Amino acid sequence: MDYFSLCMDGLCLVGQSVMHIGFAGRLTGKKPPLGCFAAYLCLLGAAASLSARLSLNGILSVGLGVLALYGVCRLALGNRRPVSWLAAVLAFYISQLSFGVINSVEAAVFPRYLGNPLLYLLLAAAMAVFFLLCAGCYAAVLKLLSLAEDRRTPYLGLLLLPGLFFFAAELYILHSAYSFFAPSLSLEEAGKHSALLLLQGMGLAALLCTLYAYRHLCQGFQAQAQLSSLAQAARAQKVYITEARARYEQTRAFRHDIKNHLSVLDGLLGGGELDQCRAYLRKLEAASEALSFPYQTGNPVVDILLGEKLGLAGEIAAEVSLCLPRSWEIDDFDLCVIFANALDNAIAACRSAPGARFIRIAGKRQGDFYLLTFENACSGEPLPPAGTGLSNIKSAAEKYRGAVLTEKTGQVFSLNVLLNIA
């Protein structure tokens, strides 16, 4: 191997390592440490050297490279297994596809320059075009797909299987249809390379169409979740409105009869029947307490919701230390979404807790922000993936430029919802 080929191979390894790690980091929303680039470059170099010694035509180096990139995504970036596999397969597929496209052009154009010093310049230009083609393909994929943790990416297997198919097909083309070009190129060979170039272009187009369809599938899931959230909140609002009307009717009836109650008390006092008067007052007190809410937060919707949810909690001890501002920009509908989902999750977690079961709700205002804190008992098992309830809470908080933070300490789970009430 001459020095020019050695420099070209080294430049190719360095460029691929930078582009693979950069693409995987952008795709998964993680910032790779600087050490990842050096470690990955060493792994790629070792894989290429081992493949050359065993004369495996580069297939071993590609397989080991995919494993190395998977390891970086999994261990250094902390991504999940499906995400790491998909990022590694896509990164290598695009680089191998770019190699295939460049090889098709080289096989059709370069044979006439064998023995000409201009060939070195053309090879360097082909390397530059290869990197530009890779960058363009990576940019197209990143526009259609994001595997960041804050994005909904269900059913990643729907992408992994097509990605593996495209990758395997490109490897077969690259390592079976191309060899070092001959001094002359027949018309048949030119047609063959043109067909291979067309097939690779169609493969890239098929991949981009697959990613486009998957993005719309994820958007459909997100829209379905939002519709489910709205339907749930609407049902809850109907329940609370019905209960509020019932309480209003009971209160109006009680106020209508209050004159009669006062007349009865006046008669008992006038007749000196103090014991009967006290008993009657106790009955009136019990009737008035039945009309009041068990929790007073300053917001009727939240009062009704807390009374209903915590009333159904039964054996779960509830502690509410909450005083909501009377005038703020938070809509009652969004409050219903936050409290209903938070309480449903808390009650479900308490029922699976082995020890004391409790729910604590507190609120605190800090300048233009209001912090809602929900704490509850839970089991010692790891937290399950975020469900629709927590997603609905995050959506409601983000509507008011807020944030949601969850934390688990031992058998206590806390949910903090920060809302901008300015």
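As the structure is a computational prediction, the values presented were derived from the model and not from experiment. (Residues numbered from 1 in each chain as written. Predicted model: local features only at pLDDT ≥ 70, side-chain atom pairs only at ≥ 80, totals over all residues. Heavy atoms only, no water.)

## Considerations on the overall build of the protein chain
So, point 1. Looking only at helices and strands, the protein chain features eleven helices and five strands.
So, point 2. If you take every contact in the protein chain between residues at least 6 apart in sequence, the share linking residues at least 24 apart comes to 73%.
So, point 3. About 23,300 Å² of surface is accessible on the protein chain, with carbon and sulfur atoms providing 62% of the total. (Helix = DSSP H or I, 4+ residues; strand = E, 2+ residues; numbered from the N terminus. Contact = heavy atoms within 4.5 Å. Areas by Shrake-Rupley, 256 points an atom, 1.4 Å probe, with all protein chains shown as cover.)

## Looking at the side chain of asparagine 79
So, point 1. Inspection of the secondary structure assignment puts asparagine 79 in the loop between α3 (59–76) and α4 (81–109).
So, point 2. With a relative accessible area of 3%, asparagine 79 lands in the buried category.
So, point 3. Excluding residues within four positions of it along the chain, asparagine 79 makes contact with Thr28, Lys30, Cys73, Arg74 and Ser84. (Buried < 20%, exposed > 50% of the residue type's maximum accessible area, 1.4 Å probe, protein only.)

## Overview of a nonpolar patch on the surface
So, point 1. A grouping of Leu50, Leu54, Leu64, Leu67 and Trp85 is seen on the molecular surface, where their side chains present a nonpolar patch of about 420 Å² in accessible area.
So, point 2. When you line up the elements, leucine 50 lands in helix α2 (residues 34–53). (Patch = residues over 30% accessible without salt bridge, like charges linked within 9 Å, V, L, I, M, F, W, Y side chains within 5 Å. Salt bridge = Lys/Arg side-chain N within 4 Å of Asp/Glu carboxyl O.)

## Some remarks on the state of the cysteines
So, point 1. In the structure shown here, the tally under the stated rule is zero disulfides.
So, point 2. Residue cysteine 134 stays outside any disulfide, its sulfur separated by 6.8 Å from that of cysteine 137, the closest cysteine.
So, point 3. Overall, the relative accessible area of 2% leaves cysteine 134 in the buried class. (Disulfide = S-S within 2.5 Å.)

## Brief notes about the pairing of strand β1 (residues 317–321)
So, point 1. Looking at chain direction, β1 and strand β2 (residues 358–366) are connected through five bridges and run parallel. Bridging across to β2, serine 321 finds its partner in alanine 362.
So, point 2. For the crossover from β1 across helix α10 (residues 332–351) to β2, the handedness is left-handed. (Pairing = 2+ DSSP bridges. Right-handed = clockwise from strand over helix to strand, strands pointing away.)

## A word on the confidence of the model for the protein chain
So, point 1. Of the residues in the protein chain, 87% have a pLDDT of 70 or more, and the chain-wide mean is 82.
So, point 2. Here helix α8 (residues 274–291) stands out as the least confident element of the protein chain, with mean pLDDT 73; strand β3 (residues 369–377) is the most confident, with 93. (pLDDT = per-residue confidence, 0-100.)

## Remarks on the sheet that holds strand β5 (residues 412–420)
So, point 1. Strand order in the open sheet formed by five strands is β1-β2-β3-β5-β4, with mixed pairing between adjacent strands. Each edge of the sheet is formed by a strand with only one pairing partner; in this case those strands are β1 and β4 (403–409). Going from strand to strand, the sheet's axes swing by 15° on average, the running direction of each strand aside. (Axes fitted to C-alpha atoms, helices over the stretch in contact; angles between N-to-C directions.)

## Looking at the packing of aromatic side chains
So, point 1. Evaluation of the coordinates by the stated rule reveals eight aromatic pairs.
So, point 2. Here tyrosine 70 and tryptophan 85 contribute two aromatic rings whose centre-to-centre distance is 4.0 Å and whose plane-to-plane angle is 15°, an arrangement assigned as stacked. One end of the pair, tyrosine 70, is in helix α3; the other, tryptophan 85, is in helix α4, and 15 residues separate them in sequence.
So, point 3. The exposure class of tyrosine 70 is buried, given its relative accessible area of 16%.
So, point 4. We classify tryptophan 85 as partly exposed; its relative accessible area is 31%.
So, point 5. Relative to phenylalanine 131, the ring of phenylalanine 130 lies with its centre 5.1 Å away and its plane at 50°, an arrangement referred to as tilted. Accessibility classification places phenylalanine 130 together with phenylalanine 131 in one group, the buried group.
So, point 6. Put simply, the rings of Tyr93, Phe165 and Phe166 touch in pairs and so form one group of aromatic residues.
So, point 7. Note that arginine 360 overlies the ring of phenylalanine 358, its terminal NZ or CZ placed 4.1 Å from the centroid. (Phe/Tyr/Trp six-rings, centres within 6.5 Å; stacked < 30°, edge-to-face > 60°. Lys NZ or Arg CZ within 6 Å of the ring centre and 35° of its normal.)

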